[in-house]
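Examination of the molecular architecture
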Amino acid sequence: MTTIDYTMEAGRARTLRRRVNLDQLDYRRELTRLASLGIPQRQLSKELGISQPSLSTALKTAEKVSPARPGFSGADPYEICLRYSVGELTRDQLIDELTRWDYVIPEAREHDFFDDLRFSTPGSFSDVGQARNEGLIDGDAYDLVLEATAYEPR
């Protein structure tokens with residue numbers, strides 16, 4: 001029996017799925033920006049080619065999306081890595097942004113030894129670890145950021 005590795009075959013689809021997620025984020029952020037300009041929903045929905053109720057629902061969803069941090073390509077380190085994985089950032093830009101990020105220190109959880117395995121804190125270094133585990137960045141990039149930030153993962 002032959003084992004077939006479909007990793008390479010699925011690469012394009014994987015990248016497109018990531019692209020869809022980023023496009024959704026960007027769309028929601030753009031809706032928030034347009035709404036902040038005071039454009040009436042009826043007019044905006046007409047310009048976008050969607051119904052006013054659909055726009056209203058989309059705006060409610062968009063309110064929950066964090067804006068990209070000023071000076072960075074995303075709202076958290078994971079999003080930065082995601083943008084790198086689809087080719088929006090160069091490796092140098094990735095390393096620069098991840099080494100400049102002010103990482104959130106997760107609160108200590110003393111209830112259960114495995115709590116840290118079940119929960120991650122957005123904006124913490126665990127975002128970079130998750131990105132590495134999912135193949136958004138390679139181990140060398142992870143190591144460079146780890147070394148540059150002198151972060152000690154728990």
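Described below are features of the structure shown in this document.

1. Examining helix α3 (residues 52-62)
Buried within α3 are the following residues: L55, S56, A58, L59 and A62. Projected down its long axis, α3 shows its buried positions confined to an angular sector of 165°, all on one face. Counted as exposed and oriented over 90 degrees from the buried face of α3: P53 and K60. Its buried side turned inward, α3 meets α1 (11-36) and α2 (41-48).

2. Details of the packing of aromatic side chains
Summed over all chains, the structure comprises three aromatic pairs. Ring geometry for F72 versus W101: centroids 4.9 Å apart, planes at 75°, classification edge-to-face. With F72 in the loop between α3 and α4 (77-85) and W101 in the loop between α5 (91-100) and α6 (115-118), the pair connects residues that are 29 residues apart, well separated along the chain. We note that F72, like W101, is buried. Ring geometry for Y103 versus F125: centroids 5.2 Å apart, planes at 65°, classification edge-to-face. One end of the pair, Y103, is in the loop between α5 and α6; the other, F125, is in the loop between α6 and α7 (126-133), with 22 residues separating them in the sequence. As far as burial versus exposure is concerned, Y103 and F125 are alike and both buried. Through successive ring pairs, a cluster of aromatic residues spans Y103, F125 and Y142. The ring centre of W101 lies 3.7 Å from the NZ or CZ of R69, which sits over that ring. Seen from the ring of Y142, R132 lies directly overhead, with NZ or CZ sitting 4.0 Å from the centre.

3. Some details on the side chain of R83
For R83, the position within the fold is in helix α4. A polar contact is formed between the side chain of R83 and the side chain of E88, at a distance of 2.8 Å. Apart from residues no more than four positions distant in its own chain, R83 is found in contact with R19, L22, D26, R29, S73, E88 and L89.

4. Re the packing of α2 against α3
Taken N-terminus to C-terminus, the directions of α2 and α3 make an angle of 100°; their axes are 9 Å apart at the nearest point. The orientation of α2 relative to α3 falls into the category roughly perpendicular. Side by side, α2 and α3 meet where Q41, R42, L44, S45 and L48 of the first sit next to Q52, L55, S56 and L59 of the second. By residue class, the composition of the contact of α2 with α3 is four nonpolar, four polar and one charged.

Conventions used here
- Residues numbered from 1 in each chain as written.
- Predicted model: local features only at pLDDT ≥ 70, side-chain atom pairs only at ≥ 80, totals over all residues.
- Heavy atoms only, no water.
- Buried < 20%, exposed > 50% of the residue type's maximum accessible area, 1.4 Å probe, protein only.
- Helix = DSSP H or I, 4+ residues; strand = E, 2+ residues; numbered from the N terminus.
- Arc of directions from axis to C-beta.
- Contact = heavy atoms within 4.5 Å.
- Phe/Tyr/Trp six-rings, centres within 6.5 Å; stacked < 30°, edge-to-face > 60°.
- Lys NZ or Arg CZ within 6 Å of the ring centre and 35° of its normal.
- Polar contact = N/O pair within 3.5 Å; in protein donor to acceptor, adjacent residues only side chain to side chain.
- Axes fitted to C-alpha atoms, helices over the stretch in contact; angles between N-to-C directions.
- Parallel < 35°, antiparallel > 145°, perpendicular 65-115°, else oblique.
- Nonpolar A, V, L, I, M, F, W, Y, C, P; charged D, E, K, R; others polar.

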